[in-house]
Protein chains: 2
Amino acid sequence: MEHFPHTPPNLTKNQSMVMAALLKANGPLSAYTILDQLRSKGLRAPLQVYRALDKLVGYGMAHRLESMNAFIACRHPDGESGSMVAFTICESCGEVAEISNDRFDSQLHKLAGGAGFNVKKSTVELFGQCEACA
Amino acid sequence: MEHFPHTPPNLTKNQSMVMAALLKANGPLSAYTILDQLRSKGLRAPLQVYRALDKLVGYGMAHRLESMNAFIACRHPDGESGSMVAFTICESCGEVAEISNDRFDSQLHKLAGGAGFNVKKSTVELFGQCEACA
DNA sequence: CTGAAACTGTTATGTTATAACAAATAATAA
DNA sequence: TTATTATTTGTTATAACATAACAGTTTCAG
């Protein structure tokens, strides 16, 4: 289950349906919201959704927002490395945006490195106000 | 509910008990684990714990680890500003450490600022290996 | 003292996530 | 192809995390 971003493997039926739901939404969805949207297409149980989400996240095609218990399609721009991903979450309008930045990523590794810690995976979620709401 | 770190208000009975449980533990605890530990002291319901935790987090005396659904006593060193807090979480031994760094904090604000986003609160949780386990 | 604000206790319920098992499907190699 | 192995699927049940609503109590400033 190792994939570079934007080189998706062939998705299974459930994985495709869940991915489509994430792409159609323009914001994060909870697993149960996804389930409700896909009941008409035959999904019946939470596990069917969670299993698909696990794969999609593993493939780098979706992200989990830890602070919201929700999932969102990966939209980080092509050309950026797959390294670090941060999210901005607007407390006014709920908009979630993805930021990817190599310099920041190395800062982050350096910060942790200073404490003798070797970073493999990071969760960075920023709350505040987006440009439109400010 | 505004407090500088390390200038704790007078805690109520429940708040003190929950804080004591967090301090005694040398790692994160789930709300239900805390509840179990405090049943012998009279606590009976999850809400009693969650309410205390909300206050303690608000006072800056405890932190919530979003990626673990767990809580940990604040231990960031005196003298550091209260700005940003990051956590390192060792995937081998489970050790959780707190890092606070002003320079990184400003990097983080700058990164978001570049996208027109104004950061009020941040969640930074880093997974990998601690010094001892590496 | 008294009224407002904060805290407490309690029951019930809502939300998020996984365990365990059996069956179907797809990918691989002989 | 056919046997073998991996993965995916479907399903039921349950675990783990969190809050709603309401009533009663304590605290404390005015």
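Look up: the structure comes first, before these words.
The following refers to the structure shown. All values reported here derive from a predicted model rather than from experimental measurement. (Residues numbered from 1 in each chain as written. Chains lettered and ligands numbered in written order. Predicted model: local features only at pLDDT ≥ 70, side-chain atom pairs only at ≥ 80, totals over all residues. Heavy atoms only, no water.)

**Here's the deal with the overall build of chain A**
Per the secondary structure count, chain A includes 4 helices and 5 strands. For chain A, the N- to C-terminal ordering of α and β elements is α-α-α-β-β-β-β-α-β. Burial analysis of chain A (134 residues in total) assigns 43% to the buried set. In chain A, 53% of the contacts between residues at least 6 apart in sequence involve partners at least 24 apart. Counting every atom, chain A has about 7100 Å² of accessible surface; 51% of that belongs to carbon and sulfur. (Helix = DSSP H or I, 4+ residues; strand = E, 2+ residues; numbered from the N terminus. Buried < 20%, exposed > 50% of the residue type's maximum accessible area, 1.4 Å probe, protein only. Contact = heavy atoms within 4.5 Å. Areas by Shrake-Rupley, 256 points an atom, 1.4 Å probe, with all protein chains shown as cover.)

**Comments concerning the relation of the copies chain B and chain A**
Superposition of chain B onto chain A requires a rotation of 180 degrees combined with a translation of 0.0 Å along the rotation axis, giving an RMSD of 0.0 Å. Read as a symmetry element, the transformation amounts to a two-fold axis. Looking at the rotation axis and the C-alpha trace of chain B, the residue lying nearest is V124(B), at 2.3 Å. Comparing interface residues between copies, 100% of those in chain B also lie at the interface in chain A; the contact surface is shared. (Least-squares fit on C-alpha atoms with pLDDT ≥ 70 in both.)

**Thoughts on the pairing of strand β2 (residues 70–73) of chain B**
Residues and elements named next belong to chain B. Residues A70 and I72 line one face of β2 and the alternating positions F71 and A73 line the opposite face, and both faces are buried. Here 4 bridges tie strand β1 (residues 62–65) to β2, and the two strands are oriented antiparallel to one another. Of the residues in β2, the one forming a bridge with L65 is A70. Turn length for the β1-β2 hairpin, with the two strands adjacent in sequence and antiparallel, is 4 residues, and the turn residue N69 shows positive phi of about 50 degrees. (Pairing = 2+ DSSP bridges.)

**Things to note about the state of the cysteines**
A full pass over the atoms with the stated rule returns 0 disulfides over all chains. With no disulfide of its own, C133(A) lies 3.7 Å from the sulfur of C93(A), the closest cysteine sulfur. (Disulfide = S-S within 2.5 Å.)

**Focus on helix α3 (residues 46–58) of chain B**
All names here are of chain B. Its 13 residues give α3 an end-to-end C-alpha distance of 18 Å, which sits within 8% of 18 Å, the value for a rise of 1.5 Å per residue. Taken together, the buried positions of α3 are V49, A52, L53 and L56. What you see down the axis of α3 is that its buried residues fit within an arc of 100 degrees, all on one side. Away from its buried face by more than 90 degrees, α3 exposes R51 and D54. Of the surrounding elements, those touching the buried residues of α3 are α1 (13–24), α2 (31–38), β1 and β2. (Expected span 1.5 Å × (residues − 1). Arc of directions from axis to C-beta.)

**Concerning a nonpolar patch on the surface**
Residue and element names in this part refer to chain A. Taken together, the side chains of Y32, L47 and Y50 define a hydrophobic patch exposed on the protein surface, amounting to about 310 Å² of accessible area. The residue L47 is located in helix α3 (residues 46–59) in this model. Taking relative accessible area as the criterion, L47 reaches 48% and is therefore assigned partly exposed. (Patch = residues over 30% accessible without salt bridge, like charges linked within 9 Å, V, L, I, M, F, W, Y side chains within 5 Å. Salt bridge = Lys/Arg side-chain N within 4 Å of Asp/Glu carboxyl O.)

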